[in-house]
Amino acid sequence: MADAVSLNAPRHVAIIMDGNGRWAAARGMPRAVGHREGTKAVRRTIEAAIEQNVEYLTLFAFSSENWARPQEEVTDLTGLLRHYLRNELNELHENGVRLLVIGERERFGPNLAHELAEAEAKTAGNTKLTLVMALSYGGRADIVEAARRAMAAGMKPEDLTEQTFAGLLATDGIPDPDLLIRTSGEERISNFLLWQTAYSELYFTDVLWPDFGAGDFAAALNEYARRERRFGARPE
Ligand code: IPE
Ligand code: IPE
Ligand code: MG
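Just so you know, these numbers come straight off a predicted model, no measurement behind them. (Residues numbered from 1 in each chain as written. Chains lettered and ligands numbered in written order. Predicted model: local features only at pLDDT ≥ 70, side-chain atom pairs only at ≥ 80, totals over all residues. Heavy atoms only, no water.)

### Quick word on the overall build of the protein
Helix and strand counts for the protein stand at eight helices and six strands. Seen in sequence order, the protein has helices and strands lined up from the N terminus as α-β-α-α-β-α-β-α-β-α-α-β-β-α. Relative to a compact globule of 236 residues, whose C-alpha radius of gyration would be 18 Å, the protein shows 18 Å and is just as compact. The dimensions of the protein, computed from C-alpha atoms along their principal axes, are 55 × 50 × 35 Å. Each of the 236 residues in the protein was classed as buried or not, and the buried ones make up 45%. Considering only contacts within the protein whose residues lie at least 6 apart along the sequence, 77% involve residues at least 24 apart. Per element, the accessible surface of the protein, about 12,500 Å² overall, is 50% carbon and sulfur. (Helix = DSSP H or I, 4+ residues; strand = E, 2+ residues; numbered from the N terminus. Rg over C-alpha atoms; globule rule 2.2 N^0.38 Å. Buried < 20%, exposed > 50% of the residue type's maximum accessible area, 1.4 Å probe, protein only. Contact = heavy atoms within 4.5 Å. Areas by Shrake-Rupley, 256 points an atom, 1.4 Å probe, with all protein chains shown as cover.)

Below you can see the structure in the form of structure tokens.
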């Protein structure tokens, strides 16, 4: 029997993975331990997304503003990203995951940027789940970059529409998120997908990211299934 969830399931779920530092602090451990534990939650969440037939999962892993953290933490996070990629890529590939990266990957240095491009190329033909990793991503930077592209291409003002503009963003070809989840009790966007979340349903949970699992993901999807999306229109 088709239940409400399958009738009203999100195609695209985006997550602001927050609370690693607080998770570690609560245990008297360094923040790096929280970030490492967070990668296990990433793994669980990808599995849950596949299980729930979500088509697109976007994970905010590192913001443009996160470069302002202490050098030691930035180094930890970058190292973890490299480690994650090397350890998980084959399994992602075997599970039919297509990886896409949005954000200023060059800022991670040529080696890691190259590894990310290789991972994208290797998984380009996969169709089970598209995993969008937002790395050194900022919503405002994305919009400014799109405007620059339009100008550099000599686009005429009358040719710029919401549709053509969306095609110049880093998320070109990816549908807008239906559901945006933020963990750790913070209730803000923190410069994530500003343009793309115009009509996303927002879901906040107090669960800290390293504790997030399949049950929490299912709870968010259940809540989404109960929401009525109107897109500004008035129901008849
Ligand atoms: C999220 O956890 C991970 C990143 C932003 C990279 P935080 O590091 O922001 O953890 P809190 O918010 O300090 O608990
Ligand atoms: C947002 O979390 C960025 C990521 C989860 C990657 P932050 O912890 O950086 O955001 P603020 O500083 O609490 O707004
Ligand atoms: Mg945080």
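### A short note on the site of ligand 1
Near ligand 1 there are 13 residues, and of these Asp18, Gly21, Arg22, Arg31 and Arg69 occur at the shortest range. In the model, an oxygen atom of ligand 1 is placed 3.2 Å from a nitrogen or oxygen of the Asn20 main chain. Measuring from an oxygen atom of ligand 1, one finds a backbone N or O atom of Gly21 at 2.9 Å. Applying the majority rule of atoms within 2 Å of the grid points places ligand 1 in the largest pocket. (Near = heavy atom within 4 Å. Polar contact = N/O pair within 3.5 Å; in protein donor to acceptor, adjacent residues only side chain to side chain. 1 Å grid on protein atoms, 1.4 Å probe; cavity = no way out; pocket = protein on both sides within 12 Å on 5 of 7 lines; lining within 4 Å. Sits in = over half its atoms within 2 Å of the grid points.)

### Concerning the sheet that holds strand β6 (residues 201-204)
Taken together, the six strands give an open sheet; going across it, the order is β3-β4-β2-β1-β5-β6, and neighbouring strands pair in parallel fashion. Here the strands that pair on one side only, and so sit at the sheet edges, are β3 (97-102) and β6. The average undirected angle you get between the axes of adjacent strands in this sheet is 20°. Pairing between strand β1 (residues 12-16) and strand β5 (residues 179-182): four bridges, direction parallel. When the sheet's bridge partners are listed, Ile16 is paired in β5 with Arg182. Seen against the sheet, helix α5 (residues 110-123) touches β3 and β4 (129-137) and runs at an angle of roughly 145° to β3. (Pairing = 2+ DSSP bridges. Axes fitted to C-alpha atoms, helices over the stretch in contact; angles between N-to-C directions.)

### So, empty space enclosed by the protein
Taken as a whole and judged by the stated rule, the model has two cavities of 30 Å³ or more. Approximately 80 Å³ is the volume found for the largest cavity. Lining the largest cavity are Arg43, Ile46, Glu47, Ile50, Tyr84, Glu88, Glu91, Leu92, Asn95 and Val97. Sorting the residues of the lining of the largest cavity by element identifies α3 (31-51) and α4 (71-94) as the ones contributing at least two each. Empty space within the second largest cavity amounts to approximately 40 Å³. Around the second largest cavity sit Leu81, Tyr84, Leu85, Leu92, Leu99, Leu116 and Met133, which together line it. (Points joined across faces, edges and corners; volume = space filled by probe spheres on them.)

### Details of the confidence of the model for the protein
The pLDDT averaged across the protein works out to 96; a share of 97% of its residues lies at or above 70. Scored below 50 in pLDDT, residues 1-5 makes three contacts in the model with residues more than four places away or belonging to other chains. (pLDDT = per-residue confidence, 0-100.)

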